[in-house]
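Architecture at a glance
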Amino acid sequence: MESRPFATWDEAVRWLRTQPDRQALVHDAYYDDPLIGAAERYRQSDEWRAVCELLPPPGMALDVGAGRGIASYALAHEGFVVSALEPDDSDLVGAGAIRSLAQESGLPITVAQDFSERLPFPDGTFDVVFARAVLHHSRDLAAACREFARVLRPGGRILAVREHVISRHADKQAFLDAHPLHRLYGGENAFLLSEYVGALEQSGLRLQQVLDPFESPINFAPYTLTSLHAEIARRAGLVLPGAGGGLSKLLALPAVWPVARRILSAFDHRPGRLYSFVAAKAAP
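A few points on the structure. These figures come from a predicted structure and were not determined experimentally. (Residues numbered from 1 in each chain as written. Predicted model: local features only at pLDDT ≥ 70, side-chain atom pairs only at ≥ 80, totals over all residues. Heavy atoms only, no water.)

Now for the pattern of salt bridges. Should their charged atoms come close, side chains of opposite charge can pair. For the structure on display, the rule yields 17 salt bridges. For Arg 153, the salt bridge identified is with Asp 127, shortest N-O distance 3.0 Å. Taken together, the positions of Arg 153 in strand β5 (residues 152–166) and Asp 127 in strand β4 (residues 126–132) put the pair 26 residues apart, joining distant regions of the chain. Of the charged contacts in the structure, one is a salt bridge between Arg 235 and Glu 231, with a shortest N-O distance of 2.7 Å. You can see Arg 235 and its partner Glu 231 sitting in helix α12 (residues 225–239), four residues apart, about one turn around the helix. Note on Arg 235: relative accessible area 45%, which makes it partly exposed. Several salt bridges share partner residues, and in doing so they unite Arg 17, Asp 33 and Arg 68 into one network. (Salt bridge = Lys/Arg side-chain N within 4 Å of Asp/Glu carboxyl O. Helix = DSSP H or I, 4+ residues; strand = E, 2+ residues; numbered from the N terminus. Buried < 20%, exposed > 50% of the residue type's maximum accessible area, 1.4 Å probe, protein only.)

Set out below in structure tokens:
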């Protein structure tokens, strides 16, 4: 088995934060301090604004795999009473960090330490289950989705966002080799799009939306739409010299981007590209 340089995720992130050439990654992953500042930056991000358009009215929320608690913080600001599920007890990247954030902010956030496949909550507890980059870490994808469905109230909604997708199982190793954090501690994974969809639907949930990599800032953050257009144009210029000139302005045209986005998504087979899913539990 390939060894990793760090035994825990806490150790990996502490090392990452000391590396001058990794500060952009630390910032984009919200691993910087002060934690409440990172959480507020996430709440103000284009990604979170897009998430808010998909949330149900405020009620009881479960933030699964909550990490440092940035989404718990954002959900609480939207008026939800939040339960944050995080198995890691770390004061930097786990339950300890969430408790500190809840205390400092005074927001209604409580913490439970357990795993997605065995949620410590009664049936029908939550109006929304929010899972940011969680499903692809599941030890048992189908079991996690069944648990999400179990704890949702009838009519409740799950948002599983920023999930890594591969086109074929043979692509997984290429994704893992390229992932900037997997080499530090491990733990990354990716599934076929059909595996995510199947696990959600077989749990009894009704799939409402599947957002492709270019459809929403939920998936293409930390890019903004403008910087995404610029990056696409830059890469086009690398493949076909001269092709990038003026392309970013063309992509910004209201009539052009929706068509270009669908074409890009149809031909996008990058291992680990990000998709998001919205599903609901049927009302009685």
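The next subject is a nonpolar patch on the surface. The grouping of Leu 238, Val 239 and Leu 240 at the surface amounts to a nonpolar patch, some 350 Å² of accessible area in total. Residue position: Leu 240 is located in the loop between α12 and α13 (247–251). (Patch = residues over 30% accessible without salt bridge, like charges linked within 9 Å, V, L, I, M, F, W, Y side chains within 5 Å. Areas by Shrake-Rupley, 256 points an atom, 1.4 Å probe, with all protein chains shown as cover.)

This paragraph deals with the pairing of β5. With eleven of 15 residues buried, β5 lies mostly within the body of the structure. Across six bridges, β4 lies against β5 in parallel orientation. Across the sheet, the residue bridging to Phe 130 is Leu 159, located in β5. Handedness of the β4-helix α7 (residues 141–151)-β5 crossover: right-handed. Pairing analysis gives seven bridges linking β5 to strand β8 (residues 273–281), with the strands arranged antiparallel. Bridging across to β8, Val 165 finds its partner in Arg 273. The pairing of β5 with strand β6 (residues 191–192) spans two bridges and is parallel. Looking at the pairing, Ile 166 lines up with Leu 192 of β6. (Pairing = 2+ DSSP bridges. Right-handed = clockwise from strand over helix to strand, strands pointing away.)

Across a regular strand the side chains alternate sides, sitting on one face of the sheet and then on the other. Sheet topology places strand β2 (residues 81–85) next to strand β3 (residues 109–112); four bridges connect them, and they run parallel. Within β3, the position partnered with Leu 85 by the bridge is Ala 112. Handedness of the β-α-β unit built from β2, helix α6 (residues 95–105) and β3 comes out right-handed.

Two numbers describe a pair of packed helices, the interaxial angle and the distance between the axes. One way to put it is that α7 packs onto helix α10 (residues 193–202) with a least axis distance of 8 Å and a crossing angle of 40 degrees. The angle between α7 and α10 falls in the class oblique. Crossing angle aside, the handedness with which α7 passes α10 is right-handed. Across the interface between the two elements, Leu 141, Ala 142 and Cys 145 of α7 pack against Glu 195, Tyr 196, Ala 199 and Leu 200 of α10. Among the residues forming the contact of α7 with α10, the class breakdown is six nonpolar, no polar and one charged. (Axes fitted to C-alpha atoms, helices over the stretch in contact; angles between N-to-C directions. Parallel < 35°, antiparallel > 145°, perpendicular 65-115°, else oblique. Left-handed = near helix turned anticlockwise from the far one by under 90°. Contact = heavy atoms within 4.5 Å. Nonpolar A, V, L, I, M, F, W, Y, C, P; charged D, E, K, R; others polar.)

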